[in-house]
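One-letter residues, chain by chain:
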Amino acid sequence: MPVDDTPAELLTALRGGVRASSLVMDADVMAAHSVDRATSVVPGRPLALVRAHDTEEVQAVLRVASRLGVPVVPRGLGTGLSGGSTAIDGCIVLSTERLRSLSIDAAAMVATVGPGIRNVELKDAAAAQGLWYPPDPSSFEICSIGGNLATNAGGLCCVKYGVTTDYVLGIEVVLADGRAVRLGGRTIKDVAGYDLKRLFVGSEGTLGVITEALLRLRPPPPPASTVVATFSSLVDAGRAVTRVVAEVRPAALELMDRAAMTAVEQVKPMGLDLDAAALLLARTDAGGNEADRIATACEGEGATYVARTDDVDEGELLMGARRMAIPCVERLGTVLIEDVGVPVPRIPELLAGVEVIAVQHRTAVPVIGHAGDGNFHPLVTFDATDSEATARAAAAFDAIMELALDLGGTVTGEHGIGVLKARHLVSQLGEDVMDLTRRVKRALDPDGILNPGKWV
Ligand SMILES: Cc1cc2nc3c(=O)[nH]c(=O)nc-3n(C[C@H](O)[C@H](O)[C@H](O)COP(=O)(O)OP(=O)(O)OC[C@H]3O[C@@H](n4cnc5c(N)ncnc54)[C@H](O)[C@@H]3O)c2cc1C
């Protein structure tokens, strides 16, 4: 169904700058491109959707938007969990999903990637050349590299191998006024000028639109062993995490509590022990006796069961169960997804506090997390048709972020601020840093057209 309230001047200007096949005015298609996976965030109604084919079209859209003062909401594949790519009323949604160039310079171990390439496609292309792109958000099969860059995505192997920004050598970014600039380059070392590329990585589409990236690749890691440990208390599992991380460098260290395991078992029965309060999954590719040291550390913190496998497929199956946890819990109700991070020694306090908050607010809060990073996703789950339950869930959501801040942590470790955590950013950063943040924003986007109404 076409929309009819888009101003003629805007339509004419867009038609002058982009191919007919890039401009979408169908209301249903626009609606589908107006939301991400933060289902509690109510989207606004865009005036137009542009699915740009190249950098020139992105530039054209931003020139038009700047001239006419129309907001632009950049968008990848809409798997974000914070509402970052949610449309606002009267905006142009600018999708980079069709910018899909991909080439690999194996000798330099560098990939040149369009933002529309999915994370898994880059991994596969690198693997075909005997190389590895490590950042591995659980959504790696469905999210785009553009979204990964704009949120500085993390994932499972980050505890050993780092997050997206650690692999960014350079980017091409289109500024609010339509100029395209290249930041960084192909060299491993480069200290020429400010490291501006890092300003854009994690900026959630508020400073510019990323149209290409030069990403560093690595040789693949050695085959991994996986250690599975169950615990009769969530806090014991948290203590085991602190002990493991103090002693070894796991390549992944993931946690699921009983409620999360139950949600996964309901969708894909795999024999997870639902009598256990929590499950830890540790991966090690260091060889030697690291798997045994992880097992011993878990036993030392009261694990009720510990096993290890050197079978890579079996280990991947277990990690797959962990990756499924968010969609499985989403089947139980509306979910406000936390993304709190705390310093590793404070993990047991965070987990104990989340349990208390769930009881106090009479709200289900299954917990999963990239435990080795101190990054947890308490999944505040509720019935959105029940206004009282919704209010309790909102209070629990706030309380968990306040707890993380009290423990010296962050309100978001990897999903970004988006809309969901906007109110909490100032509590973490303070007024002076917020002022600095707004001044950076004004310097790069003086008319405030890029992703307004989010957090800056
Ligand atoms: C089941 C599930 C599991 C997940 N697990 C993880 C995880 O383990 N780790 C993790 O970090 N995230 C995870 N996520 C969240 C999400 O997949 C990531 O945030 C991902 O990076 C978003 O990519 P996207 O292409 O979907 O971007 P979108 O959701 O479309 O956009 C995300 C943000 O990036 C901006 N943006 C997108 N493309 C561009 C561009 N080209 N230029 C400028 N700004 C842009 C948008 O404006 C928005 O602010 C998970 C999501 C799901 C659904």
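One can find the structure itself at the top, above this paragraph.
Quick look at the structure, then. Computed from a predicted structure; not experimentally measured.

Rules used throughout
Residues numbered from 1 in each chain as written. Predicted model: local features only at pLDDT ≥ 70, side-chain atom pairs only at ≥ 80, totals over all residues. Heavy atoms only, no water. Buried < 20%, exposed > 50% of the residue type's maximum accessible area, 1.4 Å probe, protein only. Helix = DSSP H or I, 4+ residues; strand = E, 2+ residues; numbered from the N terminus. Pairing = 2+ DSSP bridges. Near = heavy atom within 4 Å. Polar contact = N/O pair within 3.5 Å; in protein donor to acceptor, adjacent residues only side chain to side chain. Areas by Shrake-Rupley, 256 points an atom, 1.4 Å probe, with all protein chains shown as cover. 1 Å grid on protein atoms, 1.4 Å probe; cavity = no way out; pocket = protein on both sides within 12 Å on 5 of 7 lines; lining within 4 Å. Sits in = over half its atoms within 2 Å of the grid points. Nonpolar A, V, L, I, M, F, W, Y, C, P; charged D, E, K, R; others polar. Contact = heavy atoms within 4.5 Å. Axes fitted to C-alpha atoms, helices over the stretch in contact; angles between N-to-C directions. Points joined across faces, edges and corners; volume = space filled by probe spheres on them. Expected span 1.5 Å × (residues − 1). Arc of directions from axis to C-beta.

1. Some points on the pairing of strand S4 (residues 92-95)
In S4, alternate side chains face the same way, and those of Ile92 and Leu94 on one face and Val93 and Ser95 on the other are all buried. In terms of strand pairing, strand S2 (residues 48-51) meets S4 through four bridges, oriented parallel. Bridging across to S4, valine 50 finds its partner in leucine 94. In this sheet, S4 lies alongside strand S3 (residues 72-75) in parallel orientation, the contact comprising four bridges. If you follow valine 72 over to S4, its bridge partner there is isoleucine 92.

2. Description of the site of the ligand
Looking at the ligand, there are 36 residues lining it, with Pro74, Thr79, Gly80, Ser139 and Ser144 nearest. Between the ligand and proline 74 there is a distance of 2.6 Å, counted from an oxygen atom to a backbone nitrogen or oxygen. Contact with the protein chains covers 98% of the free accessible surface of the ligand, which is 990 Å². Placement of the ligand is best described as lying within the largest pocket. Of all the secondary structure elements, the ones that give two or more residues to the shell around the ligand are S3, helix H5 (145-151) and strand S9 (209-216). Here the element with the most residues in the shell around the ligand is H5; it accounts for five residues. Its residues placed into classes, the shell around the ligand shows 11 nonpolar, 21 polar and four charged.

3. Remarks on the sheet that holds S2
The strand order across the open sheet formed by four strands is S1-S2-S4-S3, and the pairing between neighbours is mixed. In this open sheet, the two strands that pair with only one neighbour each are strand S1 (23-24) and S3. Contacting S2, S3 and S4, helix H3 (residues 55-68) runs over the sheet at an angle of about 160° to S4.

4. Points about the side chain of serine 225
Mapped onto the elements of the fold, serine 225 is located in strand S10 (residues 225-231). In this structure serine 225 comes out as buried when scored by relative accessible area, which is 12%. Here aspartate 310 takes part through its side chain, which lies 2.7 Å from a polar atom of the side chain of serine 225. Dropping the residues within four chain positions of it, serine 225 is found in contact with Ala282, Arg283, Thr284, Ala291, Arg308, Thr309 and Asp310.

5. Side note on empty space enclosed by the protein
Under the definition given, this model contains one cavity of 30 Å³ or more. Taken as a whole, the largest cavity encloses approximately 50 Å³ of empty space. Lining the largest cavity are Arg37, Ala38, Thr39, Ser40, Leu81, Glu330, Val335, Ile337 and Leu420. For the lining of the largest cavity, the residue count by class is five nonpolar, two polar and two charged.

6. Considerations on helix H13 (residues 347-360)
Taking 1.5 Å as the rise per residue, H13 with 14 residues should run 20 Å; its terminal C-alpha atoms sit 20 Å apart, in good agreement. Against the buried residues of H13 lie helix H8 (234-247), strand S11 (252-257), strand S15 (367-370), strand S16 (375-382) and helix H14 (387-406).

7. Brief notes about helix H1 (residues 8-17)
Each α-helix turn comprises 3.6 residues. Residues three or four places apart therefore point the same way. Taken residue by residue, H1 has Leu10, Leu11, Ala13 and Leu14 as its buried positions. Considered in projection along H1, the buried side chains sweep an arc of 165° and stay on one side of the axis. Exposed and oriented more than 90 degrees from the buried face of H1 are Ala8, Glu9, Thr12, Arg15 and Gly16. The elements touched by buried residues of H1 are S1, S2, H3 and S4.

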